[in-house]
Amino acid sequence: MLLRSPALMCSLAALTVFSLSCAPAMATSHTTIKAVTPAGHTGNAAPATPEPDDMILAVINNIPLTKRDVDNRGKLFALSTGLQISPELMERMRSQIIRQMIDERLRTQEIYSRHINISPEQIAAAIANIEKRNGMAPNALRDRLASDGVSLTTLIDQIRVQIGWIQVLRQDLGAHGRVTAKEIAQREEALRREDGRPEYNLSEIFVKVDDPRHAEEELAFTNTVIQELRKGAPFPIVAAQFSQSQTALQGGSMGWVQEDELDPAVVNIIRQIPVGVNAISNPIKVPGGFVIITVNGKRIIGHQPGHVVTVRQAFLPFSTPLNPQHPTAQQEQVLQKAVHYGQTVNTCQQVEDINKESGEKRPSDPGELPLESMNPQMQEVIAPLPLNKLSRPLITPDGISLIMVCSKKEKNFASRSPSEIADQLMSERVEQTARQLDNDLHRRAIINKRIKIKGV
């Protein structure tokens, strides 16, 4: 079976979860990571002169890392999560950003040493994907970053290393980049033996600790992240930026895992965490560092009955945003057309045709949809809808949606397909390969710290 793990697909969840407006601005936390006081200065000394942007914070195999590099990355993170950029926030994040960027510098050097070329077209496609997912016009992201004082180069560098690192892992996996039918059958048999036991859909943020004897700074950073998550910072974006597990490429998603695949300390916590309410764990000490966990779902292995529906949708756009108190003539005409369709349309093919005639602003066929996983409002619309019956007009500020259910069937969601098992096996293999290679790069590296950072 060909290499197909989500962790190795060029969609790069770390990029596609980027959001410019999904989280509100949040107050900064009271927990801080204090900067190191320069030798010879006391706490009562006069405020120091601001550090120059080109001050070198570290040299990694003769490649400098400057204060400007670190500040730009911090601004990019704050912008993508909706956090307010402030000196306090930058100070709290600085140590971890430096660690992260040292890892990225080492990865970049490894990419170049293997003569892996990331084309401008690949980077442009990734940026275009970010803009599309955020409903932005082409080149709008460049303007948005510039207005917030963030260099586009900061985002480009992050994209380049993520795409290149995927190719490095592909090379290192080699023949192991295929999951065989025998391996899938062995995992299927193992799942049958686990029938009736619980499994969990988890997301994680892993913070690495290099020296377990001195983990105070990493623990303080982990607590800071937890505070921001509990204030509303999006978990996938924070994981993509700061988690040091390979699951960061998937926004921290671990997928469905069983208790015997997890550290006992994690198992003890997930048994207590409420499911599906974005509850965030306290720091969990595991081998190699600290992990933050959220539980997205829980089910019994082999037993999760539900329903899958296929639908067709048509979207009738407004020419201007809707003001409910003063609809325009065009908007009234669109509503009349939607009501007429509700009285005359009775096949899914007709719905597809209407959507194409209306410009196909949204896909006619969104694929199979698990009914029980939909948001409550959409469940209320779709669950009672008979087959081949058009829904009532669903009015939004930019247009009207019409939905028809084409089929509905029962499904055991706890039953994994061979492709899902292959993805999990490959994700496990990729994680192990990535950690081994990262450790090897650090052992071979010459890192000169210009400021004191424990564990780096």
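Going by the structure above, here's the rest.
Residues numbered from 1 in each chain as written. Predicted model: local features only at pLDDT ≥ 70, side-chain atom pairs only at ≥ 80, totals over all residues. Heavy atoms only, no water.

1. Brief notes about the packing of helix 3 (residues 87–113) against helix 8 (residues 216–231)
Right, on to step 1. Orientation of helix 3 relative to helix 8, taken along the N-to-C sense of each, is 115°, at an axis distance of 10 Å. Taken together, the axis directions place helix 3 and helix 8 in an arrangement best described as roughly perpendicular. Where helix 3 crosses over helix 8, the two elements pack in a sense that is left-handed. Where helix 3 approaches helix 8, its residues Arg 92, Ser 95, Gln 96 and Arg 99 are matched on the opposing element by Glu 217, Glu 218, Phe 221, Thr 224 and Glu 228.
Right, on to step 2. Broken down by class, the residue content of the contact of helix 3 with helix 8 amounts to one nonpolar, three polar and five charged. (Axes fitted to C-alpha atoms, helices over the stretch in contact; angles between N-to-C directions. Helix = DSSP H or I, 4+ residues; strand = E, 2+ residues; numbered from the N terminus. Parallel < 35°, antiparallel > 145°, perpendicular 65-115°, else oblique. Left-handed = near helix turned anticlockwise from the far one by under 90°. Contact = heavy atoms within 4.5 Å. Nonpolar A, V, L, I, M, F, W, Y, C, P; charged D, E, K, R; others polar.)

2. Comments concerning the pattern of salt bridges
Right, on to step 1. All told, the structure shown has 19 salt bridges when counted by the stated rule.
Right, on to step 2. The shortest N-O distance in the salt bridge between Asp 438 and Arg 107 comes to 2.7 Å. Of this pair, Asp 438 sits in helix 14 (residues 418–444) while Arg 107 sits in helix 3, placing them 331 residues apart in sequence. Summarising the burial analysis for this pair, Asp 438 and Arg 107 share the class buried.
Right, on to step 3. In this structure, the salt-bridge partner of Glu 183 is Arg 429, at a minimum N-O distance of 3.0 Å. You can see Glu 183 sitting in helix 7 (residues 181–193) and its partner Arg 429 sitting in helix 14, a full 246 residues away along the chain. (Salt bridge = Lys/Arg side-chain N within 4 Å of Asp/Glu carboxyl O. Buried < 20%, exposed > 50% of the residue type's maximum accessible area, 1.4 Å probe, protein only.)

3. Some remarks on the packing of aromatic side chains
Right, on to step 1. This structure, assessed with the given rule, holds one aromatic pair.
Right, on to step 2. Judged by centre distance (5.3 Å) and plane angle (75°), the ring pair of Phe 221 and Phe 242 falls under edge-to-face. Taken together, the residues span a long stretch of sequence, with Phe 221 in helix 8 and Phe 242 in helix 9 (residues 235–242) at a distance of 21 residues. Taken individually, Phe 221 and Phe 242 each receive the classification buried, so the pair is uniform in this respect. (Phe/Tyr/Trp six-rings, centres within 6.5 Å; stacked < 30°, edge-to-face > 60°.)

4. Structural notes on the side chain of Glu 204
Right, on to step 1. Tracing the sequence through the fold places Glu 204 in strand 3 (residues 198–208).
Right, on to step 2. Put simply, Glu 204 is tucked away with no salt bridge, and the nearest opposite charge, on Arg 435, sits 5.4 Å away.
Right, on to step 3. Residues contacting Glu 204, with those up to four places away along its chain left out, are Phe 235, Ala 239, Ser 243, Ser 245, Thr 247, Gly 252, Met 254, Val 291, Ile 292 and Ile 293. (Lys, Arg positive; Asp, Glu negative; His and termini not counted.)

5. Here's the deal with the sheet that holds strand 3
Right, on to step 1. Spatial strand order, 4-3-6-5: four strands in an open sheet with antiparallel pairing. Two strands in the sheet have a free side with no partner beyond their single neighbour: strand 4 (253–258) and strand 5 (284–286). Averaged over all pairs of adjacent strands, the angle between strand axes in this sheet comes to 45°, irrespective of strand direction.
Right, on to step 2. Judged from the three bridges that link them, strand 5 and strand 6 (residues 289–300) form a sheet pairing that is antiparallel. (Pairing = 2+ DSSP bridges.)

6. Quick word on helix 3
Right, on to step 1. Its 27 residues give helix 3 an end-to-end C-alpha distance of 37 Å, which sits within 8% of 39 Å, the value for a rise of 1.5 Å per residue.
Right, on to step 2. Along helix 3, the largest kink reaches about 45° and is centred on Arg 94.
Right, on to step 3. Counting buried residues in helix 3 gives 21 out of 27 residues, a clear majority hidden from the surface.
Right, on to step 4. Downstream of helix 3 by one or two residues, His 115 has phi in the positive range, about 60°. (Expected span 1.5 Å × (residues − 1). Bend = angle between axes of the 7 residues up to and from the residue.)

7. Things to note about the nonpolar core
Right, on to step 1. In terms of nonpolar packing, the biggest core is built from 61 residues, with Leu 65, Leu 145, Leu 155, Ile 205, Leu 229, Val 238 and Ile 292 touching the most fellow members.
Right, on to step 2. The contacts of Leu 65, once residues within four sequence positions are left out, are Met 55, Ile 56, Leu 57, Ala 58, Ile 60, Val 70, Ile 98, Met 101, Ile 102 and Arg 105.
Right, on to step 3. In terms of nonpolar packing, the next biggest core, distinct from the first, is built from 15 residues, Leu 262, Val 266, Ala 279 and Ile 293 among them. (Core = buried A, V, L, I, M, F, W, Y, C linked by side-chain atoms within 4.5 Å.)

8. Focus on the side chain of Arg 73
Right, on to step 1. Here Arg 73 is to be found in helix 2 (residues 67–81).
Right, on to step 2. Of note is the side chain of Arg 73, whose polar atom sits 2.9 Å from the side chain of Glu 104.
Right, on to step 3. Aside from chain neighbours lying at most four places away, what touches Arg 73 is Ile 97, Met 101, Glu 104, Thr 154, Gln 158 and Gln 241. (Polar contact = N/O pair within 3.5 Å; in protein donor to acceptor, adjacent residues only side chain to side chain.)

9. Some remarks on the pairing of strand 2 (residues 63–66)
Right, on to step 1. The pairing of strand 1 (residues 56–60) with strand 2 spans four bridges and is classified as antiparallel. Bridge pairing in strand 2 links Ile 56 to Thr 66.
Right, on to step 2. Hairpin geometry of strand 1 and strand 2 is characterised by an intervening segment of two residues between the two adjacent antiparallel strands and by a positive phi of about 50° at Asn 61.

10. Some remarks on the environment of Gly 276
Right, on to step 1. Mapped onto the elements, Gly 276 comes out in the loop between helix 10 (264–270) and strand 5.
Right, on to step 2. Taking the C-alpha atoms as reference, Gly 276 lies 5.8 Å from Gly 297; in sequence the two are 21 residues apart.
Right, on to step 3. Ignoring sequence-local partners within four residues, the contact set of Gly 276 consists of Val 295 and Asn 296.

11. Remarks on unusual backbone geometry
Right, on to step 1. Of note, the phi angle at Asn 61 is positive, near 50°, even though the residue is not glycine.
Right, on to step 2. When you line up the elements, Asn 61 lands in the loop between strand 1 and strand 2.
Right, on to step 3. Even without a glycine there, the phi angle at His 115 is positive, about 60°.
Right, on to step 4. For His 115, the location among the structural elements is in the loop between helix 3 and helix 4 (120–133).
Right, on to step 5. For His 115, a relative accessible area of 73% gives the class exposed.

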